[in-house]
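Letter by letter, the chains look like this.
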Amino acid sequence: MPDDPRRRTKSKYTADRGIPGAFEGETVTRRRFMTGTAHTAGAVAASAFLLPALGFALGPLFEKEPVRWEDVGAVADFNADTYVPRIFTETPGIGEAGKTTAYIRKHNPRLDGPVQKPEQYGQFIAISTRCMHLGCPVRYTAAAQRFICPCHGGVYDALGQRVGGPPVRPLDRFYTRIVNGRVQVGPRFSVNSELKRFSPRYPGEDLDGIGQYLYPSRPTQRKLPPQ
């Protein structure tokens, strides 16, 4: 059977492969060496510019934000039948733009069922005023027991669940706790139609069915763990 040239093992030496200008005993041509060196130097130079830029852009996404709690009043200031609006600072360091309003009341077993675990965060209900359509501020109307958005007609019931209009999910809520007889409001969290807790999402992001996977949470904002 004749020898098949395609099956021959190529020599690692450039002289054996008949490369012009090859030296005896070398395995890499000078041209290939210089080309590889230039490519490597270019990659190093590009990395020197790109890596700091990527770190600057992506770093804040993975920086863990500290949990903030703010006093909003005495326990006696709230009842289980109606909401009391309270203004507090949700995002510090940006002045008035960092303030928001929450509608707060005591947990009502008749309306809310049993307190969700961990129980220390559920003795009071604090509902965000940001509409889950485009983020417009909603107002609570006690006579109708409805949260109403004036921008695009979003309507929510007394629990913050959507009953009409374009919003895709219930109003967000805030963690609450009691410290020395005072009510404190903490981080915001989102809920689905069953009022199950999720880490915060943006308005317009559904949390039912496949929506909770289409709109993943941000790495810096998670549900509070039990304490």
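Each remark here, short or long, concerns the structure printed above.
Cut-off values and rules
Residues numbered from 1 in each chain as written. Predicted model: local features only at pLDDT ≥ 70, side-chain atom pairs only at ≥ 80, totals over all residues. Heavy atoms only, no water. Helix = DSSP H or I, 4+ residues; strand = E, 2+ residues; numbered from the N terminus. Buried < 20%, exposed > 50% of the residue type's maximum accessible area, 1.4 Å probe, protein only. Contact = heavy atoms within 4.5 Å. Areas by Shrake-Rupley, 256 points an atom, 1.4 Å probe, with all protein chains shown as cover. Pairing = 2+ DSSP bridges. 1 Å grid on protein atoms, 1.4 Å probe; cavity = no way out; pocket = protein on both sides within 12 Å on 5 of 7 lines; lining within 4 Å. Points joined across faces, edges and corners; volume = space filled by probe spheres on them. Nonpolar A, V, L, I, M, F, W, Y, C, P; charged D, E, K, R; others polar. Disulfide = S-S within 2.5 Å. Salt bridge = Lys/Arg side-chain N within 4 Å of Asp/Glu carboxyl O. Core = buried A, V, L, I, M, F, W, Y, C linked by side-chain atoms within 4.5 Å. Phe/Tyr/Trp six-rings, centres within 6.5 Å; stacked < 30°, edge-to-face > 60°.

### Brief notes about the overall build of the protein chain
Thinking step 1. When helices and strands are tallied, the protein chain shows three helices and eleven strands.
Thinking step 2. Secondary structure elements of the protein chain occur, N-terminal to C-terminal, as α-β-β-β-α-β-β-β-β-β-β-β-β-α.
Thinking step 3. The buried share among the 227 residues of the protein chain stands at 33%.
Thinking step 4. When contacts within the protein chain are restricted to residue pairs at least 6 apart in sequence, long-range pairs at least 24 apart make up 45% of them.
Thinking step 5. Just so you have it, the protein chain exposes about 14,300 Å², and 58% of that area is on carbon and sulfur atoms.

### Digging into the sheet that holds strand β7 (residues 155-156)
Adjacent strands of a sheet form backbone hydrogen bonds with each other and so pair up, either parallel or antiparallel.
Thinking step 1. Spatially, β5-β6-β7-β8 is the arrangement adopted by the four strands of the open sheet, whose pairing is antiparallel. The open sheet has two edge strands with one neighbour each: β5 (139-141) and β8 (162-164).
Thinking step 2. Of the strand pairs in this sheet, β7 and β8 are connected by two bridges, and their pairing is antiparallel. The partner of valine 155 across the bridge, within β8, is glycine 164.

### Topic: the layout of surface pockets
Thinking step 1. Space inside the second largest pocket adds up to approximately 250 Å³.
Thinking step 2. Every residue lining the second largest pocket is counted, 20 residues in all, and those nearest its centre are His107, Gln116, Ile125, Arg173 and Arg197.
Thinking step 3. Within the residue set of the lining of the second largest pocket, elements represented by two or more residues are α2 (109-112), β4 (124-128), β9 (173-179) and β10 (182-191).
Thinking step 4. A class-by-class count of the residues in the lining of the second largest pocket yields 13 nonpolar, three polar and four charged.

### Some thoughts on the environment of alanine 102
Thinking step 1. Structurally, the position occupied by alanine 102 is in strand β3 (residues 99-106).
Thinking step 2. Apart from residues no more than four positions distant in its own chain, alanine 102 is found in contact with Val84, Pro85, Arg86, Phe88, Ala126, Ile127 and Phe174.

### Some thoughts on the state of the cysteines
Thinking step 1. Under the definition given, this model contains one disulfide.
Thinking step 2. Note on cysteine connectivity: cysteine 136 is disulfide-linked to cysteine 151, with sulfurs 2.4 Å apart. Residues cysteine 136 and cysteine 151 are joined by a disulfide whose S-S torsion is about -105°; by sign, that bridge is left-handed. With cysteine 136 in the loop between β4 and β5 and cysteine 151 in the loop between β6 (146-148) and β7, the pair connects residues that are 15 residues apart, well separated along the chain.
Thinking step 3. With relative accessibility at 16%, the residue cysteine 136 sits in the buried group.
Thinking step 4. Overall, the relative accessible area of 39% leaves cysteine 151 in the partly exposed class.
Thinking step 5. Here cysteine 131 is not disulfide-linked; the sulfur of cysteine 149 is the nearest cysteine sulfur, at 3.9 Å.
Thinking step 6. What makes cysteine 149 buried here is its relative accessible area of 3%.

### Remarks on the pattern of salt bridges
Thinking step 1. Under the counting rule described, the total for this entry stands at seven salt bridges.
Thinking step 2. Residues aspartate 71 and arginine 182 are paired through a salt bridge, measuring 2.9 Å at the closest nitrogen-oxygen approach. Of this pair, aspartate 71 sits in strand β1 (residues 70-74) while arginine 182 sits in strand β10, and the two are 111 residues apart along the sequence.
Thinking step 3. Accessibility expressed as a relative area gives 35% for arginine 182, which makes it partly exposed.
Thinking step 4. Across the pair arginine 188 and glutamate 90 runs a salt bridge, and its minimum N-O distance is 3.3 Å. Here the residue arginine 188 occupies a position in strand β10, and glutamate 90 occupies one in the loop between β2 (84-89) and β3, the gap between them amounting to 98 residues.
Thinking step 5. Look at arginine 188 and you get buried, because its relative accessible area is 11%.

### Concerning the nonpolar core
Thinking step 1. Formed by 14 residues in total, the largest nonpolar core has its most connected members in Tyr83, Ile127, Val138, Tyr140, Phe147, Tyr156 and Leu171.
Thinking step 2. In this structure, Phe78, Val84, Phe174 and Val183 belong to the second largest nonpolar core, which totals eleven residues.

### Remarks on the packing of aromatic side chains
Thinking step 1. Using the criterion set out here, one finds eleven aromatic pairs in the structure.
Thinking step 2. Their ring planes at 85° and their centres at 5.1 Å tell us that phenylalanine 88 and phenylalanine 174 sit as a pair that is edge-to-face. Of this pair, phenylalanine 88 sits in strand β2 while phenylalanine 174 sits in strand β9; the two residues are 86 residues apart in sequence, bridging distant segments of the chain.
Thinking step 3. Accessibility expressed as a relative area gives 2% for phenylalanine 88, which makes it buried.
Thinking step 4. Taken together, a centroid distance of 4.5 Å and an interplanar angle of 45° make the contact between tyrosine 175 and phenylalanine 189 tilted. Taken together, the positions of tyrosine 175 in strand β9 and phenylalanine 189 in strand β10 put the pair 14 residues apart, joining distant regions of the chain.
Thinking step 5. Classification of tyrosine 175 by relative accessible area gives buried; the value is 2%.

Any functional reading would require information that these geometric values do not contain.
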